[in-house]
Every structure is written in structure tokens, then in C-alpha cells.
Amino acid sequence: MARQKADRNEAERSEAVELNPPAGPTSEPPALDEPTKARDPLPPKPDQAGPANVSPTGVDYGSSPETNAQAGAYLTTSTGVRLRDTDHSLKAGRRGPVLLQDHHLREKITHFDHERIPERVVHARGAAAHGTFVANGAASRISRAAFLAEGAETPVFVRFSTVLGSRGSADTVRDTRGFATKFYTSEGNYDLVGNNIPVFFIQDGIKFPDVVHAAKPQPDREIPQAQSAHDTFWDFVSLHSEAQHHTIWNMSDRGIPRSFRTMEGFGIHTFRMVNADGGTSLVKFHWKPRQGVHSQVWEEALLTAGMDPDFHRRDLADAIEAGAYPVWDLGVQVMPDTPEETFEGIDLLDPTKLVPEELCEVQIIGTMTLNRNPINYFAETEQVMFNPGNLVPGIDVTNDPLLQVRLFSYIDTQLSRLGGPNFSQIPINRPHAPVNDLQRDGHHQAADHGGVAPYRPNSLDGGCPFTAGTAEGAFIDVPTPVQGEKVRELSASFEDHYSQARLFYTSLTEVEQQHVIDAYTFELGKCYEEAIKTRQLGCLAAIDADLAEAVATGLGLSVPKADTKPAKVDPSPALSQLGRSWPVTGRKVAVIVAGPDDAAVAAQTVEAIRAAGMVPLLTAPNGGTLGDQPIERSYPTAASIEWDGVVVAADPSAGPNPADDAKIIRLLDEAYRHGKAIAVLDGVDPATLGLNAAATGVVTGDPTAAVTALTELLAEHRVWDRV
Ligand code: HDE
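Basis of the calculations
Residues numbered from 1 in each chain as written. Predicted model: local features only at pLDDT ≥ 70, side-chain atom pairs only at ≥ 80, totals over all residues. Helix = DSSP H or I, 4+ residues; strand = E, 2+ residues; numbered from the N terminus. Rg over C-alpha atoms; globule rule 2.2 N^0.38 Å. Buried ≥ 20, exposed ≤ 12 C-beta atoms within 10 Å, placed from the backbone. Near = placed C-beta within 6 Å. Nonpolar A, V, L, I, M, F, W, Y, C, P; charged D, E, K, R; others polar. pLDDT = per-residue confidence, 0-100. Contact = placed C-beta atoms within 7 Å. UniProt positions renumbered as here; feature names shortened; annotations may be inferred. Domains from an automatic or database assignment.

**Q** What is the right way to look at the overall build of the protein chain in this model?
**A** Across its full length, the protein chain carries 17 helices and 20 strands. Taken over the C-alpha trace, the protein chain has a radius of gyration of 30 Å; the compact-globule value for 723 residues is 27 Å, and the two agree within 12%. Principal-axis analysis of the C-alpha atoms places the extent of the protein chain at approximately 95 × 85 × 65 Å. The 723 residues of the protein chain split such that 41% are buried.

**Q** So what exactly am I meant to see when it comes to the site of the ligand here?
**A** If you check the shell around the ligand, you find 24 residues, and the closest are Arg-120, His-123, Gly-178, Gly-205 and Ser-409. When residues in the shell around the ligand are grouped by element, the largest group, six residues, is from helix H10 (residues 401–417). Partitioned by chemical class, the residues of the shell around the ligand number 12 nonpolar, nine polar and three charged.

**Q** Any chance you could explain the confidence of the model for the protein chain here in plain terms?
**A** Do not read the fine detail of predicted coordinates wherever pLDDT is low. Residues with a pLDDT of 70 or more make up 91% of the protein chain, whose mean pLDDT is 92. Residue range residues 48–52 is modelled with pLDDT below 50. Its contacts to residues more than four positions away, or to other chains, number eight contacts. Across the predicted assembly, pTM comes out at 0.92 and ipTM at 0.97.

**Q** Teacher, can you tell me more about the UniProt feature "binding site: heme" (unreviewed entry) in the protein chain here?
**A** The UniProt record marks Arg-120, Arg-159, Phe-208, Arg-406, Tyr-410 and Arg-417 with the feature "binding site: heme" (unreviewed entry), using the residue numbering of this structure. Not counting chain neighbours up to four residues away, the residues in contact with Tyr-410 comprise Phe-386, Asn-387, Pro-388 and Gly-389. By the element assignment, Arg-417 lies in helix H10. The contact partners of Arg-417, leaving out residues within four places of it in the chain, are Ile-117, Pro-118 and Arg-120.

**Q** When you look at helix H14 (residues 545–555) in this model, what are you seeing that I'm missing?
**A** Given 3.6 residues to a turn, an α-helix orients residues that are three or four positions apart in the same direction. Considered for burial, the residues of H14 that qualify are Leu-547, Ala-548, Ala-550, Val-551 and Ala-552. Close packing links the buried residues of H14 with helix H11 (499–507), helix H12 (510–525) and helix H13 (530–543).

**Q** Would you explain the environment of Gly-624 in this entry?
**A** Looking at where Gly-624 falls in the secondary structure, it is placed in the loop between strand E14 (615–620) and strand E15 (625–626). Accessibility expressed as a C-beta count within 10 Å gives 9 for Gly-624, which makes it exposed. Placed 10 residues apart in sequence, Gly-624 and Ser-634 show a C-alpha to C-alpha distance of 8.7 Å.

**Q** What exactly am I supposed to notice about helix H5 (residues 231–239) here?
**A** Residues of H5 that are buried: Phe-233, Trp-234, Phe-236, Val-237 and Ser-238. For H5, the secondary structure elements touched by its buried residues are helix H4 (208–215), helix H6 (244–251), H12 and H13.

**Q** Is there a simple way to think about the domain arrangement of the protein chain in this case?
**A** A common measure of how large an interface is: the accessible area buried when the components associate. On domain assignment, one finds that the protein chain holds domain 1 (126–197 + 260–429) and domain 2 (588–722). Computed from C-alpha atoms alone, the centre-to-centre distance between domain 1 and domain 2 is 37 Å. Taken residue by residue, the interface counts nine residues in domain 1 and five residues in domain 2. Here the side of domain 1 that touches domain 2 is built from residues that sort into three nonpolar, three polar and three charged.

**Q** Explain the environment of Leu-681 here, please?
**A** Secondary-structure assignment places Leu-681 in strand E19 (residues 677–681). Separated by 397 residues in the primary sequence, Leu-681 and Lys-284 place their C-alpha atoms 48 Å from one another. Beyond its immediate chain neighbours, meaning those up to four positions away, Leu-681 contacts Val-601, Val-647, Val-648, Ala-649, Asp-702, Pro-703 and Ala-706.

Here you go:
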């Protein structure tokens, strides 16, 4: 018995030895006298030309892809010593233990161990781009800021973000989006740290940790990720009626933007502008996208989160790389700076209130174009820091109690996120204006400060640096009068929590209102606690009785008595996203073909789409080329979520019939239900594709006629009757 066991072990051992692959060439250290050679870089894609790679702070990242990839350079340690081998650790013999004295190994692994820094506690997931802001001078009347003077050109860096999710979460979740802009002005950095929704959840910044704790994943199981559809969020907002206005915006189409490029941006708070004569006005900032304001529909957003969690990030980078630079106009609503700080009865210090554009026009003061992608995500998008307290002469803050707390929070959070007090020296954060501060030392100090007197006044360094006056461009705080008792209270005018939520809802078109009803029904339907759902229905009843009733029906509950009766409001049509037409530049249109016989018609269709400034996605059963056109998507990789419109150009007799492909039929069905424009070329029977030729937004014709009709539909972004 013992003998048999020994034999078996012997056999197993010899088998195991045979399974080991023979040692390949990679296990050999490189020969001492043979340095590795540079490879030729991959050829650039023909239709993509990136602009020059110079950082906003003037650092030349290298104007060719070769330089970016450290081409022509030898691998070194971080202290610049050239290396012979980075694939083998130093061992005592080929099969021996690794030696502690391997300084390169220790440096490499130690650096790797510390590669991650804490993600932002909110707005962790973001995407960013460089660009330029050009002022038209209209703001000079109200602000002395140099970057707002006529014709002034200022480099900018913009970071868009979701709020709730972790860095690795999906882009298309229902959430508010951050829209933070850093202007590298000649007078120092100015940060406009806004959102895509013009109001906020809370009126006093002291509640920020509460709303964030409620909205983030629940602490026991850390779910759900990047979602507001859970009990703690609805518990908080139903108990804080001040949150109702922001929340109804989240439940509208604004909570699921189609792209960062199609979002409005808002500074939310009221700021105080100061002109050259010392005159002040109260202003609210607006970013208006020239691409139009456009959202996904909910099912599309859900599908996108699974199919392409990087959808918005990819969209922004692709558009810029392809030269379809997104453009926003910056506008301000200008209101008189009165002691009451109100406008038409609206308290301008209350961040849960907006000023309808019909009451105070948005006046355009400049235009921003995003025209360059970051070179390195971590160095730029992750390490950028924004701070609403980064102000320049001519723009000052107000006493909005939310803004006041933000003025503390943003610097504070960088101390742990960016590891010390010298985050302004990180290249992406460095101002273009000269910096002569008296801050010294600290973690990651990168400056070699000369002199012996980092204090003021001094006589040892010649009294330098000097302080400036107004004429030399100093930032001078506006001397606003302050008086009052020390209290933990808000002004009585902050107590109206519902009238503007109602203003928003009643300003939407019917289809947008239905989306709001569907969103509340979905989100509250995901809550477990009936008491929370019922409490929120009570809040909805104070906004709009029909809204509350429709959501209650969806939940199978009844509406409780509202705390307050819905207010009388005049709708503000500017709050709706519908009813305007927009340029179609950069929109994506799939062209579905069957086989090689479709080459001619596909080429005509693709050409017509390009001529309209849109991006064709030629989609065929397999990859490769069709005639001289590259096939962008094969049937397996095609996804309706990336189409703004679709043309079926397949002649069923020309090869595999799309009508026989269950996936293509499903994608067309999705496109139909998501309100996308659909064209079916002559010779293809829409019925075989499950489409009704008479339905709104389904067009037919030859390539030119069909693409023209499709383009007209796309100008409205969606076929609204179908969503
Ligand atoms: Fe923020 N917010 N916030 N926030 N916020 C942060 O700063 C905070 C608020 C906004 O892309 C944090 O560097 C408090 C309103 C954006 O880097 C943190 C309060 C608005 C971004 C912070 C608010 C914003 C942030 C997290 C209530 C719209 C992303 C990491 C008083 C006007 C910026 C960081 C980027 C980021 C605090 C409310 C916009 C913790 C305490 C209102 C776009 O400092």
C-alpha cells in the first residue's frame, strides 16, 4: 500500500514537471552590452489631430507623441540613474530569495504602494479639458476683473463630475453634475466652482456632511453606489423640505445629461461684482452650451451605465480630439446691490432659490471653448484643486451661508487629499500670474525660496515683497456693513421651500413632467420604508397635487395631506429643455449595412452625414472595411446608446439581412423607444425591421433625402413624442 502511494507521488511529480513551460527568453536578464531599442510610435489616426501639448501653466509637455512617451530616453531610477533591467529583482542565485539591497526594486514597489491618493469626498469621478475664455467686455461696466475686459483671452481648465459615486463609478447615473472652471487670469487664479443645477439641497453649509452622508452608499453594506434611489437619501430630503427644489431638478431630465457638452452650468450663489469706480452689483453666473441642453432618457442612461460606464468622459475627449470643440457662453444676471439683497421678492442669499430668466435676463459676457485634452489624468484632472475662495479683484463673495462654509472647506480638504499645504505648486494649480507669497516649507515644497526675511514688514530683504493698492491691482474686500446678534438661525425669508420647486415643475412641458413622475416613482419604489415614501409624497403634494397623485399611484400608496398648499407661480419657460433647435455638429449617426453590395449606398450615406457635420458610425456584420470606408462598429460591438440617429442602409438581398439579426432588431427597438431619429433607405422594408414607416421620426428616402430629414429631426435632439 505504502509502496503504491509512493509510486503515485512519483508519477504526479514527473507530470507536474512536464507541465512547467520551458524557460523562455524573457526570464533571461538582458545582456550587459545590449541596450533596448526605441520602437517606432504608432501612426496617428488620420481624422484626429490634437493641438499642441502645452500645459496651462506653460509647461511644454512635448509637441510630439514621441516626447510624451519619453521616446529616445533611457529608463532611469527616480534619481536619474540609468537602469539595465527592470524585470528581474536582485536575488541570491537564480532560485534564491530577493535581496533587501535591491534599491531599484524597493523604490519601484514603494512608489507603486503609494500611487493612490484619497479620492474627493464628493465629486470623485470627473473628466476635464483645457480651453480658452474670451471676454466680450460687457462685464467691464460691473466688474474691474482684468479677464472680463473686452478681448481678454484667458486659459481655462474645466472639470466636470458626478457628485455621489466613487472614482470608478458610472458616468450616466442620476445625479447632479459638477462644472468647475479655473481661469488662469493675469491677476491670479479665479475659480467658478458650479453645478449643472442652479440651486442646492441645503441653505446652510453646516448641513453638508448630513446631506452627503444620506446620499452616499449606506454605511452598513456600502450600497447603492452612485445612486440616490435609497432610503437614507429620501429620509433626508423628505425631512428637509429645503432640499425639495434641488431634488426635483435631479428627478428631471437634468439629472441624466446626454453629455458634459450639453449641460448648462450655474454658479448657484449670488456673487458681488465691483467695478473700477467701486460700484457693486449682485450677480448670478450661467454657462450656456452652444451645443444645446440635452439629456438621456432613463432607460438609455441605465443601459449606458452598464455598456459604457465612461460614456461622458469618452464623449468629451473624443469630441475634442476630433476637433468638435465644445463652446459655452458665460452669462450673468445682474441685480442691484441693495441692503435687503433681494430681487423681485427672491432672497439672493438663499442658495435654494433661482432668479427666473424672464425676470432678469442672462447677459453674455464671454465665451469659453474647450480645445485640448489633458495629457495625464492623474497629474491634471485628479490633482486639480478648485476653491470658491480663489477670487480676483472685481469679484467678491456674499453672505450666502452655504458659500460662506465652502470658503473654508475647499482648502481644508486638499490638505489630506493632496497631502499638505503646497497644492498650489502642483503644475495644474499654478497661477499664470507671478506668485510672491510668504508661505514657506511644508510637505512637497517645490520652490527654492531665496532671501532671509519671509515676513512683513522687513528690512533685511529690502522690504520685499511689497503690498499693492487698488491701482496696482490688489484684491480689496468690499467693505459691506455687518451687524447683528450671534445666532444659529436663518432669515425668515429662507422659510419658503416649495414655491420654486413648483415653479420648476409647472415650467416643464408635459413630456418632461412625465419623466419627473417616472423618476420619483422609480426612486421611491427602490426605498424599503413606507413611512419615508409617504413622507415624501406629502412633500410632493405641497409642490403639485397631480404630481403627488401620479407618483402615489405608481407606488400603490395614497397621498397624505400636504404641509402647505401649492403656491401660485408664473411658469418660466427658460427652465424647460424643449422647444429650441440646436446645431447637430458632432452628433453620431449609425449607418447599418448588410454586406459588400451595400458599399456604394453606404459611401453616399456616410458622405451626407459628414457633410452635415455629424459623425457616421458605419456598422456591418464584421469589422474591416466596406469599399474604402472603415467599418467603425461590427454588429457585436454596436450599441444604440451611442447613436443620436440611425440610418438602415442595408439591402436585404445584399448579404446577411439585419432584419434576421436579433441584436440589430433590439437596437433599433431601443433607438425607437429612446426617441432617436431613424432613417430607412429606399429598398429596405421598415416593417421587416420592426419599424412603422408612418411613426413620428421614422423617415425614408435615398441617402441624401434621408440624411437631410434625419438632420432636421436631430436639431431638436430627440423625437419627443416617442419618449
Ligand atoms: Fe462642493 N465640495 N461643497 N459644492 N464642489 C467639493 O472639494 C462643499 C457645493 C462643487 O472638480 C470638495 O476639492 C461644501 C455647492 C464642485 O475638483 C469639498 C459645500 C456647489 C466640486 C466640497 C459644498 C459645489 C466640489 C470635495 C456646502 C455648486 C468638484 C473635493 C457648504 C455651486 C470640484 C474638493 C472639482 C467639491 C465641499 C456645496 C460644487 C469637500 C462644504 C453649492 C463642482 O471641499
